[in-house]
Amino acid sequence: MTSMKSLQTAGVNKVDVVEVDRPVPGPRDALVRIRACGICGTDVSFLHMGGMPARAHLGGDPVPVPLGHEPAGEVVEVGTEVTGLQPGDRVVVNPQDAPTGIIGCGGRYGGMSEYLLIEDAEVGRSVAVFPDTVPFAVASLNEPMAVARHAVNRSQAKPADRVVVFGAGPIGLGAAIWLKLRGVQHVVVVDVIPSRLDKALAVGADAVINSAEEDVTARLSELHGEAANALGQPRPGTDIYIDAAGAPAVFNTVIQNARWHAKLVMVAVQKKGSDIDLGGMLRSELTLIASQGYPTEIFEVTPELVEHQDRFAKLISHSVPFAEVERAFELTLTPGAAEKVVITFDE
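Residues numbered from 1 in each chain as written. Predicted model: local features only at pLDDT ≥ 70, side-chain atom pairs only at ≥ 80, totals over all residues. Heavy atoms only, no water.

A. Local environment of the packing of aromatic side chains. One pass over the full model with this rule turns up 4 aromatic pairs. A centroid spacing of 6.4 Å and a plane angle of 20° characterise the contact between Phe166 and Tyr241, whose relative ring orientation is stacked. Separated by 75 residues along the polypeptide, Phe166 in strand E8 (residues 162-166) and Tyr241 in strand E13 (residues 240-243) bring together distant segments of the chain. Judged by relative accessible area, Tyr241 falls into the buried class, the value being 0%. Taking 4.7 Å as the distance between ring centres and 20° as the angle between the ring planes, the aromatic pair formed by Phe322 and Phe345 counts as stacked. Placement of the pair is Phe322 in the loop between strand E16 (318-321) and helix H11 (325-333) and Phe345 in the segment after strand E17 (341-344), with a sequence separation of 23 residues. Of the two residues examined, Phe322 and Phe345, each falls in the buried class. It is Arg22 that lies over the ring of Tyr115; its NZ or CZ is 4.5 Å from the centre. Seen from the ring of Trp178, Arg149 lies directly overhead, with NZ or CZ sitting 4.4 Å from the centre. (Phe/Tyr/Trp six-rings, centres within 6.5 Å; stacked < 30°, edge-to-face > 60°. Helix = DSSP H or I, 4+ residues; strand = E, 2+ residues; numbered from the N terminus. Buried < 20%, exposed > 50% of the residue type's maximum accessible area, 1.4 Å probe, protein only. Lys NZ or Arg CZ within 6 Å of the ring centre and 35° of its normal.)

Rendered as structure tokens:
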């Protein structure tokens, strides 16, 4: 059987390129040659854990995980029962649709491989086709931009709303883009890294705040005007807060600043719990909205990603060849060294 290279975890903060059998598509499957795959915070979490944690009652070391759930590639084989796909089609993938487990997140297959089997391939459910005018690296943003789009959809932001996004990583910046494309008139991005704030302005944010150097409350009041909470205490006029940072300080900042009937959308994974001022939430009647994944958005975003590809391309800070995958993860694991790293495969 023909072999291929595939990336998997190899212990704490280590990756390994291994030779595995190249999948053979069945009658309902398609085989995709991967051209690009983004590195996500979830990949980093698997690295920190050393792989997939073994079940507690079994003990033992973490199980290696094939990595990569943000792939884009080219169809090279299709099964006899597959319709709507043909060799040469460029596709993005829904990693959550794989029957043998989520691609790159504990399932049998990972997107950081030379080839990826799309089981029970169906256009519009497991894959979407995109035109050859879009670089594979940009197309690989489809999955994280679906995550960002779901957060914006959950916010139900309207054009007149004043919105703040905490965290200028790919999800936060993606949310800022979607908010502006949705017609929201004023979007502020908050972060502590100047280069990320510059990127936020480049993709369309109306203003930025460096929370390490500026008074967030004063700046929001300046940008969004004055309002009040349910007790009449002065608060910035911000309508919607989106947490794409996952830091306890964000919750505290939002509660301290929330006007009456403000909303907080939580899309970032909280790294650790924090004490929440429930009384503060009560005084503002703050609505907390959780945003998980992309129930309907995975291919909802694809046409707009194609249309606005130049804007989304700005999110990519580094494109690294698969042959240098260890460097790609070193960049990702080094705080402040990179924003979005995409691994590319030979054209």
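B. Layout of the packing of helix H3 (residues 142-155) against helix H4 (residues 170-181). Orientation of H3 relative to H4, taken along the N-to-C sense of each, is 55°, at an axis distance of 8 Å. One element, H3, and the other, H4, form an angle in the oblique class. For the pair H3 and H4, the sense of crossing is right-handed. Along the contact surface, H3 presents Pro144, Met145, Val147, Ala148, Arg149 and Val152, while H4 presents Pro170, Ile171, Gly174, Ala175, Trp178 and Leu179. For the contact of H3 with H4, the residue count by class is 10 nonpolar, 1 polar and 1 charged. (Axes fitted to C-alpha atoms, helices over the stretch in contact; angles between N-to-C directions. Parallel < 35°, antiparallel > 145°, perpendicular 65-115°, else oblique. Left-handed = near helix turned anticlockwise from the far one by under 90°. Contact = heavy atoms within 4.5 Å. Nonpolar A, V, L, I, M, F, W, Y, C, P; charged D, E, K, R; others polar.)

C. Just the environment of Ala202, in detail. Locating Ala202 in the fold gives a position in helix H5 (residues 194-202). Exposure remark for Ala202: the relative accessible area of 42% places this residue in the partly exposed category. Each C-alpha atom, one on Ala202 and one on Arg311, is 8.3 Å from the other, the two residues being 109 residues apart in sequence.

D. Main features of helix H1 (residues 41-49). Buried within H1 are the following residues: Asp43, Val44, Phe46 and Leu47. Along H1, the residues classed as buried sweep out an arc of 155° about the axis, all on the same side. Of the surrounding secondary structure, the elements contacted by the buried residues of H1 are strand E1 (3-9), strand E2 (15-21), strand E3 (30-38) and H11. Count one or two residues on from H1 and you reach Gly50, which has phi positive near 80°. (Arc of directions from axis to C-beta.)

E. View of the nonpolar core. Counting 50 residues, the largest nonpolar core has Leu179, Val189, Ile242 and Phe312 as its most contacted members. Counting only elements with at least two residues in this core, the list comes to strand E7 (127-130), helix H2 (136-139), H3, E8, H4, strand E9 (186-191), H5 and E13. Excluding residues that lie within four positions of it along the chain, Val189 makes contacts with Val165, Ala168, Ala176, Leu197, Ala200, Ala205, Ala207, Val208 and Ile209. (Core = buried A, V, L, I, M, F, W, Y, C linked by side-chain atoms within 4.5 Å.)

In short, shape yes, function no, at least from these values alone.
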